[in-house]
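What follows is the residue order along each chain.
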Amino acid sequence: MAVSSYARAFPSFECRSEPDFSGSLPRPKAGVRFSGKYNSGSNRSQVYGLSSLIFRFPPNFVRQLSIKARRNCSNIGVAQVVAASWSNNQAGPEFTPAANAVDSSAAAAVTSIGITAGDEEVAVVENADCNDQNVQIKGSTGVKYASFLNSDGSVAIHAGERLGRGIVTDAITTPVVNTSAYFFNKTSDLIDFKEKRRASFEYGRYGNPTTVVLEEKISALEGAESTLIVASGMCASTVMFLALVPAGGHIVTTTDCYRKTRVFIETILPKMGITATVIDPADMGALELTLNQKKVDLFFTESPTNPFLRCVDIELVSKLCSEKGALVCIDGTFATPLNQKALALGADLVVHSATKFLGGHNDVLAGCISGPEKLVSVIRNLHHILGGALNPNAAYLIIRGMKTLHLRVQQQNSTALRMAEILEAHPKVKHVYYPGLPSHPEYHLAKKQMTGFGGVVSFEVDGDLLTTAKFVDALRIPYIAPSFGGCESIVDQPAIMSYWDLSQSDRAKYGILDNLVRFSFGVEDFEDVKADVLQALDSI
């Protein structure tokens, strides 16, 4: 993973051990200069972990830098001032902060130090005032959390941030880096970057510090080597197909799936000669037969599926496909990484519509793909060409949303299960689809490979299209809308919301009956939701 590297941190200098600081770094005597080589073999945790070195600057310091210093500042966007980097023998005379322009209290706190590091000198400014801005340092965000964070809830909050983000700042929240491009101080730096001797960003479509934090957070939750974040869930699925399935290839998918994914498989992939076999999610015999008869490149499905919440035996599917050289990609959007670990069960890749539970607030579109670096890199390279980049502001919203992911999912799991049980016993409900119910065809499988059954319940009302619409209209808490997984409950009638362009008979081919309802439970109080649903059922 590439991160900007416009400043170097050295273990020989005292570091702050926690992000909550009440004091300042020791201040060396005025005019003192240090020289020393950076030891690349030193313990990275001393530089990037709990002891991450924070370079601090006084208020209004940007205005006090020389023109050349400002020109050489890292274009991070979130920190107005960063460590200014020059070639040898240039830092001293050029770095001339105007001390007389600073108020008397700040002037006494400012000291400049020139540090020689290999072929570079780094200007470091220390300030006792806490109300300043910090710099970005070169670092690894690959901090392992398992040794001290035992809960997915804690990982969802801190992964990629407290101990791992490449953006160094006193801010608890990850800053938004709004920039379309990143500059290089000199051509040799650019060449070093191109030849992979220097870590950096280059162009906004290829990466962004804010989105990298989100990718690291999702990787930590999924137990993945790498994650690619893109502009939508469909973007994640389509770029994955295009990157991993060759022209003339063959895929296996399942009967129940998100309609737009089915449309892509049925209408777009055939233009490249890619064919598909569609099987029932539980029909492992059909999968084995297809693997034996055809050269299968990829098995792709959702688990649970949309909208009938069918579950696939990920461990068995992965074993069968691995023996035949086929990749397995699971869309885990309905499950979330908290309820199901597809990679740990043997899948090669897992995709999510981060629009749903990960973002969790019905206010952002995004998708992600997680898995081994070898595979994700192939997808990432095509993504850079296709250009479905996620805006850093959207990445920030998802990072924020994931801080409450475990609390939201716990509530949604609980409400959905209790409501599924109530609906199944109600005389005006014909059938309920929910993997947490013993009546579900994959109930025992779901119990085996999931720790929670999710926040979405599908069910059939005892009535026709208009009767079902009357029930939906009588609900007062959920919004009638597409999507799911947010704090607000959402309800929709798939025959109208997603399949209205098809005839009733064509909808029935996919199992979409006129009386089908999909209900995404939010985080509202259970008793309020229960009363609302029961009153709506009583009205029909």
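The notes below deal with the structure included here.

Criteria and thresholds
Residues numbered from 1 in each chain as written. Predicted model: local features only at pLDDT ≥ 70, side-chain atom pairs only at ≥ 80, totals over all residues. Heavy atoms only, no water. Buried < 20%, exposed > 50% of the residue type's maximum accessible area, 1.4 Å probe, protein only. Helix = DSSP H or I, 4+ residues; strand = E, 2+ residues; numbered from the N terminus. Pairing = 2+ DSSP bridges. Salt bridge = Lys/Arg side-chain N within 4 Å of Asp/Glu carboxyl O. Axes fitted to C-alpha atoms, helices over the stretch in contact; angles between N-to-C directions. Parallel < 35°, antiparallel > 145°, perpendicular 65-115°, else oblique. Left-handed = near helix turned anticlockwise from the far one by under 90°. Contact = heavy atoms within 4.5 Å. Nonpolar A, V, L, I, M, F, W, Y, C, P; charged D, E, K, R; others polar. Phe/Tyr/Trp six-rings, centres within 6.5 Å; stacked < 30°, edge-to-face > 60°.

### What about the pairing of strand β8 (residues 298–302)?
Of all the five residues making up β8, five are buried; the element is thus mostly covered by neighbouring parts of the structure. Of the two faces of β8, both are covered, the one formed by L298, F300 and E302 as well as the one formed by F299 and T301. The sheet contact formed by strand β6 (residues 250–254) and β8 spans two bridges and is parallel. If you follow I251 over to β8, its bridge partner there is L298.

### Looking at the pattern of salt bridges
Enumeration over the complete set of coordinates arrives at 20 salt bridges. E161 is the salt-bridge partner of K217, the closest N and O atoms lying 2.8 Å from each other. Taken as a pair, K217 in helix α8 (residues 209–222) and E161 in the loop between α6 (152–158) and α7 (187–194) lie far apart in primary sequence, 56 residues in all. Given a relative accessible area of 0%, K217 falls into the buried group. As a salt-bridge pair, K186 and D189 come within 3.5 Å of each other at their nearest N and O atoms. Its relative accessible area of 3% is what places D189 among the buried residues. Here the residues in one salt-bridge network are E161, K217 and K403, joined through shared partners.

### Things to note about the packing of helix α11 (residues 284–293) against helix α12 (residues 314–323)
It is at 10 Å that the axes of α11 and α12 come closest, and there the two elements cross at 15 degrees. Classified by the interaxial angle, the pair formed by α11 and α12 is roughly parallel. The handedness of the crossing between α11 and α12 is right-handed. Here α11 contributes M284, L287, E288 and L291 to the contact with α12, which in turn contributes L316, V317, L320 and C321. Of the residues belonging to the contact of α11 with α12, the class tally is seven nonpolar, no polar and one charged.

### Some words on the packing of aromatic side chains
What the rule picks out here adds up to twelve aromatic pairs. Residues F459 and F471 carry aromatic rings whose centres are separated by 5.9 Å and whose planes lie at 75 degrees to one another, so their mutual orientation is edge-to-face. With F459 in strand β13 (residues 456–461) and F471 in helix α18 (residues 465–474), this pair connects stretches of sequence that are twelve residues apart. With relative accessibility at 0%, the residue F471 sits in the buried group.

These values are about where atoms sit, not about what they do.
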